[in-house]
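Here is what each chain is made of, one letter per residue.
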Amino acid sequence: MRANIPPQDQIVATSPHSQKSWKNPVFDPIRCLSVFFKRHQWSPVPIKPLNILLVDGSSDYSALVSQWLCGDPSLQEFKVIWSDSLASAIFRLEKGDIDLILVELGLPDSEGIETFNALRGRAELLPIIVLGAGDNQALALQTIRHGAEDYLIKPTCTAELLIRTLRHSAVRHQVVIHRNRAQECPNVARVIGVLGGT
């Protein structure tokens, strides 16, 4: 007669060091990562709309960007806050609650790398994506060296490209924040611990 053997994930065993019974679980990487993110209060997707500070002197282009990011009310992934000058952008930054900066370097009251440096000095921890009026490779490399997340060319920028760039930047920023918090706290459990490794 064939033995009635229960499935592997239902086998109950007793540890030689304890009288408590335990089940041999089936490894589920998605569940393990979900537990890790929940334990450390880190989410790979934003739980609220990202507040994007758009700094651009053109009201027409700003309206276009707002349409790209906020045109579908069912998504509610981004909230665009427009400033038309460097001074107004700095004033808005001082109020807080900004997640990411999207800036055209040519403004009525500032021009070029000085615009980027002024914003970087007021928002050292925020990701900044530069919108360039033209394909200026030298300026693009200069802003990247100074800490810009990316450099997009306005005439060739599309809704799809902008949204993808914003998403990638937001996720990278979250990863950096999480890594810094983990380094500051020696008692944070490592992923290998969550996965049950040694």
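Our structure's up above, just so we're on the same page.
Here, residues in each chain are numbered from 1, in the same order as that chain's written sequence. Since the coordinates come from a predicted model, pLDDT governs what is reported: local features require at least 70, and pairs of side-chain atoms require 80 or more to be given and counted, while whole-chain, interface and lining totals use all residues. Just so you know, side-chain values use all the structure's heavy atoms and leave hydrogens and water out.

(A) Structural context of the nonpolar core. Counting residues in hydrophobic clusters, the biggest one holds 23 residues, and the most contacted among them are Leu 53, Leu 93, Ile 101, Val 103 and Leu 119. Elements with a contribution of two residues or more to this core: β3 (50-55), α3 (86-95), β5 (100-104), α4 (113-122), β6 (128-132) and α5 (137-145). Of all the elements, α3 adds the most residues to this core, at four residues. The criterion used for residue contact is that any of the two residues' heavy atoms lie within 4.5 Å. For Ile 101, the contacting residues outside a window of four places in its chain are Leu 53, Val 55, Leu 93, Leu 119, Ala 123, Leu 126, Pro 127, Ile 128 and Ile 129. What makes a nonpolar core is a set of buried Ala, Val, Leu, Ile, Met, Phe, Trp, Tyr and Cys residues whose side-chain atoms join them at distances within 4.5 Å. Only protein chains enter the accessibility calculation, which uses a 1.4 Å probe. A residue is then buried if its area is under 20% of the maximum for its type, exposed if over 50%, and partly exposed in between. Leu 54, Val 65, Leu 100 and Leu 162 belong to the second-largest nonpolar core, a separate cluster that totals 18 residues. Only DSSP runs of H or I with at least four residues qualify as helices, and only runs of E with at least two residues qualify as strands; both kinds are numbered from the N terminus onward.

(B) Molecular detail of the packing of aromatic side chains. What counts as a ring pair is set by centres within 6.5 Å for rings of Phe, Tyr and Trp (its six-membered ring), and what kind of pair is set by the plane angle: stacked under 30 degrees, edge-to-face over 60, tilted for all other angles. All told, the structure shown has one aromatic pair when counted by the stated rule. On the basis of an interplanar angle of 80° and a centroid distance of 6.4 Å, the ring pair of Tyr 61 and Trp 68 is categorised as edge-to-face. On the accessibility criterion, Tyr 61 (13% relative accessible area) is buried. For Lys 154, the ring lying beneath its charged end belongs to Tyr 61, and the centroid distance is 4.3 Å. Comment: the charge-over-ring label is applied if NZ (Lys) or CZ (Arg) is within 6 Å of the ring centre and within 35 degrees of the ring normal.

(C) Structural view of the sheet that holds β3. Taken together, five strands build an open sheet; the order of strands is β4-β3-β5-β6-β7 and the sheet is parallel. Strand pairing shows two members of the sheet lacking a second neighbour, β4 (78-83) and β7 (150-153), which therefore form its edges. Across the sheet, the mean angle from the axis of one strand to that of its neighbour is 25°, orientation sign disregarded. Paired strands, as defined in this entry, are two strands with at least two bridges between them according to DSSP. Here β3 pairs with β5 via four bridges, running parallel. Counted as the bridge partner of Leu 53 is Ile 101 from β5. Contacting β3, β4, β5 and β6, helix α2 (residues 59-70) crosses the sheet at an angle of about 170° to β4. All axes here are fitted lines through C-alpha atoms, helices being fitted over the stretch that makes contact, and every angle between N-to-C directions spans 0 to 180 degrees.

(D) Examining the pairing of β4 more closely. Relative to β4, β3 runs parallel, the two being bridged by six bridges. The residue bridging Leu 53 from the neighbouring strand is Ile 81, located in β4. Note on handedness: a clockwise path from strand one over the helix to strand two, with the strands aimed away from the viewer, defines a right-handed crossover. For the crossover that starts at β3, traverses α2 and ends in the parallel β4, the hand is right-handed.

(E) Just the packing of α3 against α4, in detail. Where α3 contacts α4, the two axes come as close as 10 Å, and the packing angle between them is 15°. Of the possible angle classes, the one that applies to α3 and α4 is roughly parallel. In this structure, α3 meets α4 at a crossing whose hand is right-handed. Facing α3, whose interface residues are Leu 86, Ala 89, Ile 90, Leu 93 and Glu 94, α4 presents Thr 115, Ala 118, Leu 119 and Arg 122. Any angle that is under 35 degrees is reported as roughly parallel, and any over 145 degrees as roughly antiparallel; angles of 65 to 115 degrees are reported as roughly perpendicular and all others as oblique. Crossings are sorted by hand: turned counterclockwise from the far helix by less than a right angle, the near helix makes the crossing left-handed, and turned clockwise it makes it right-handed.

(F) Quick look at unusual backbone geometry. A positive phi angle is found at Asp 97, which is not glycine, with a value near 60°. Mapped onto the elements of the fold, Asp 97 is located in the loop between α3 and β5.

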